[in-house]
There are 2 protein chains.
Amino acid sequence: MLKQYEPVERDVDLLFHALADPSRRAMVDRLTRGPASVSELARPLEMSLPAVVQHLHVLEASGLVRSQKLGRVRTCTVEPDALRTAERWIAQRRTFWEQSLDRLGEYLAGNHESAQQRSEQ
Amino acid sequence: MLKQYEPVERDVDLLFHALADPSRRAMVDRLTRGPASVSELARPLEMSLPAVVQHLHVLEASGLVRSQKLGRVRTCTVEPDALRTAERWIAQRRTFWEQSLDRLGEYLAGNHESAQQRSEQ
DNA sequence: GCAATACTTAAGTCGATGCTTAAGCAATAT
DNA sequence: ATATTGCTTAAGCATCGACTTAAGTATTGC
């Protein structure tokens, strides 16, 4: 029975933070179609190269992307394990909640709404 | 064939941003064990009530949490659909990448490393 | 009515983020 | 050898984010 690697809170922070930016998600997207150099990653993004490199650092810090430099070209690849970590975090909560629904019965189903006011101010 | 709801980029931004904070994840965690009031959510967190309310706003904006006010108590619940959206986003990229691995062959497996220097400066 | 409860709003602090431009610098190409 | 390419580093800047305290406002309990 191999015990699965349990991510510390900080890891999850970095992971979701990395995924919270559209440019970084675009970079991940691109990399799921195969490895790419920094300038290839930069081409579709409307920002300077240094900005892209900064995003790349965030992605590498999160473990989502790895890169290696050969000559003057840095080649980047996705790390599917990191994606799996994020996926698992979510899946655990979601299924737990869905199981809870059974245990709790229909907490909101009993037409509690009728006596309640809407939350949006 | 029901076409699944496709989240816009902004939605995904809000979702992952909401999940990128440990206090907010703790709140989601708590809510997967059942509904809770704002002060119940606040109790285990070492911060002021207004801070918790701000986190709650972020969670509601992301769609992860809903809340309703009855009398002077606001009751919060998780919204598993939002969790599913995030999960799906990740799963799509991960499986795409894993399929790519087949198409690309072992891009890095051919002992390219032997001639390469490490990326970390 | 009066106090306590459960938020709610407002304002301010301060460090982190997401850019930018300007200069490097090592690895090719000519 | 010199120029071009492909990053890399540094500095600066404006905005955002995660808090805080102080001062409300409705409910509810006594």
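Structure: see above.
Nothing here was measured: the structure is a model prediction, and the numbers come from that model.

Before we go on, may I ask you to explain the packing of helix α1 (residues 9–19) of chain B against helix α4 (residues 49–62) of chain B in this structure?
Helix-helix packing is characterised by the crossing angle of the two axes and by the distance between the axes. Residue and element names in this part refer to chain B. Running from amino to carboxyl end, α1 crosses α4 at an angle of 145°, the nearest separation of the two axes being 8 Å. For the element pair α1 and α4, the recorded crossing hand is left-handed. Judged by residue contacts, L14, L15, H17 and A18 of α1 engage V58, L59, A61 and S62 from α4. Here the contact of α1 with α4 is composed, by residue class, of six nonpolar, two polar and no charged.

When you look at the interface of chain B and chain A in this model, what are you seeing that I'm missing?
When the parts of a complex come together, some accessible area is lost, and that lost area is often taken as the interface size. Counting from both sides, the interface comprises 46 residues of chain B and, opposite them, 46 residues of chain A. Counting each side, the surface lost to burial between chain B and chain A is near 4500 Å², with a carbon and sulfur contribution of 59%. Its largest share of buried area at the contact with chain A, chain B owes to R25, Q68 and W97 of chain B, together 15% of the area lost on that side. Linking chain B to chain A there are ten salt bridges.

Whenever I open this one, the protein's contact with DNA strand D confuses me. Can you help?
Close to DNA strand D lie 22 residues, the nearest being S39 and R72 of chain A together with S48, H55 and R72 of chain B. Sugar and phosphate atoms constitute 67% of the interface atoms of DNA strand D, taking the interface as everything within 4 Å of the protein. In this structure, a base oxygen belonging to DNA strand D sits 2.6 Å away from a side-chain N or O atom of R72 of chain A. Breaking the surface near DNA strand D down by element, the ones donating at least two residues are α3 (38–42), α4 (49–62) and β3 (73–78) of chain A together with α2 (22–32) and α4 of chain B. When residues of the surface near DNA strand D are assigned to their parent elements, the largest contribution, four residues, is made by α4 of chain B. Of the residues belonging to the surface near DNA strand D, the class tally is seven nonpolar, nine polar and six charged.

Looking at this structure, I do not really get the protein's contact with DNA strand C. What am I missing?
Inspection of the region around DNA strand C gives 21 residues, with S48 and H55 of chain A together with S39, R72 and R74 of chain B positioned closest. A breakdown of the atoms of DNA strand C within 4 Å of the protein gives sugar and phosphate a share of 65%. Take S48 of chain A: an N or O atom from its side chain is 2.6 Å from a phosphate oxygen of DNA strand C. Elements represented by at least two residues in the surface near DNA strand C include exactly α4 of chain A together with α3 (38–42), α4 and β3 (73–78) of chain B. With four residues, α4 of chain A is the single largest residue contributor to the surface near DNA strand C. Class assignment of the residues belonging to the surface near DNA strand C gives a composition of seven nonpolar, eight polar and six charged.

I would appreciate a short explanation of the sheet that holds strand β2 (residues 65–70) of chain A in the present structure.
Remark on secondary structure: sheet strands pair via backbone hydrogen bonds, oriented parallel or antiparallel. Residues and elements named next belong to chain A. Pairing is antiparallel in the open sheet, where three strands are placed in the order β1-β3-β2. Each of the sheet's edge strands pairs with one partner strand only, and the pair in question is β1 (36–37) and β2. As paired elements, β1 and β3 share two bridges and run antiparallel to each other. Residue pairing across strands places A36 opposite C76, the latter belonging to β3. In the packing of helix α2 (residues 22–32) onto the sheet, the strands contacted are β1, β2 and β3, and the crossing angle to β3 comes to about 90°.

Explain the relation of the copies chain B and chain A to me, please; I cannot follow it from the model alone.
Both copies of the chain are related by one operation, a rotation about an axis with a shift along it. Between chain B and chain A, which share one sequence, the superposing operator has a rotation angle of 180° and an axial displacement of 0.0 Å; the RMSD is 0.0 Å. With respect to symmetry, the two chain copies, as superposed, fit the operation of a two-fold axis. With an isologous cut-off of 70% or more, the 98% of interface residues of chain B that recur at the interface of chain A puts this contact in the isologous class.

Rules used in this analysis
- Residues numbered from 1 in each chain as written.
- Chains lettered and ligands numbered in written order.
- Predicted model: local features only at pLDDT ≥ 70, side-chain atom pairs only at ≥ 80, totals over all residues.
- Heavy atoms only, no water.
- Axes fitted to C-alpha atoms, helices over the stretch in contact; angles between N-to-C directions.
- Helix = DSSP H or I, 4+ residues; strand = E, 2+ residues; numbered from the N terminus.
- Left-handed = near helix turned anticlockwise from the far one by under 90°.
- Contact = heavy atoms within 4.5 Å.
- Nonpolar A, V, L, I, M, F, W, Y, C, P; charged D, E, K, R; others polar.
- Buried area = accessible area lost by both parts, 1.4 Å probe.
- Salt bridge = Lys/Arg side-chain N within 4 Å of Asp/Glu carboxyl O.
- Near = heavy atom within 4 Å.
- Polar contact = N/O pair within 3.5 Å; in protein donor to acceptor, adjacent residues only side chain to side chain.
- Pairing = 2+ DSSP bridges.
- Least-squares fit on C-alpha atoms with pLDDT ≥ 70 in both.

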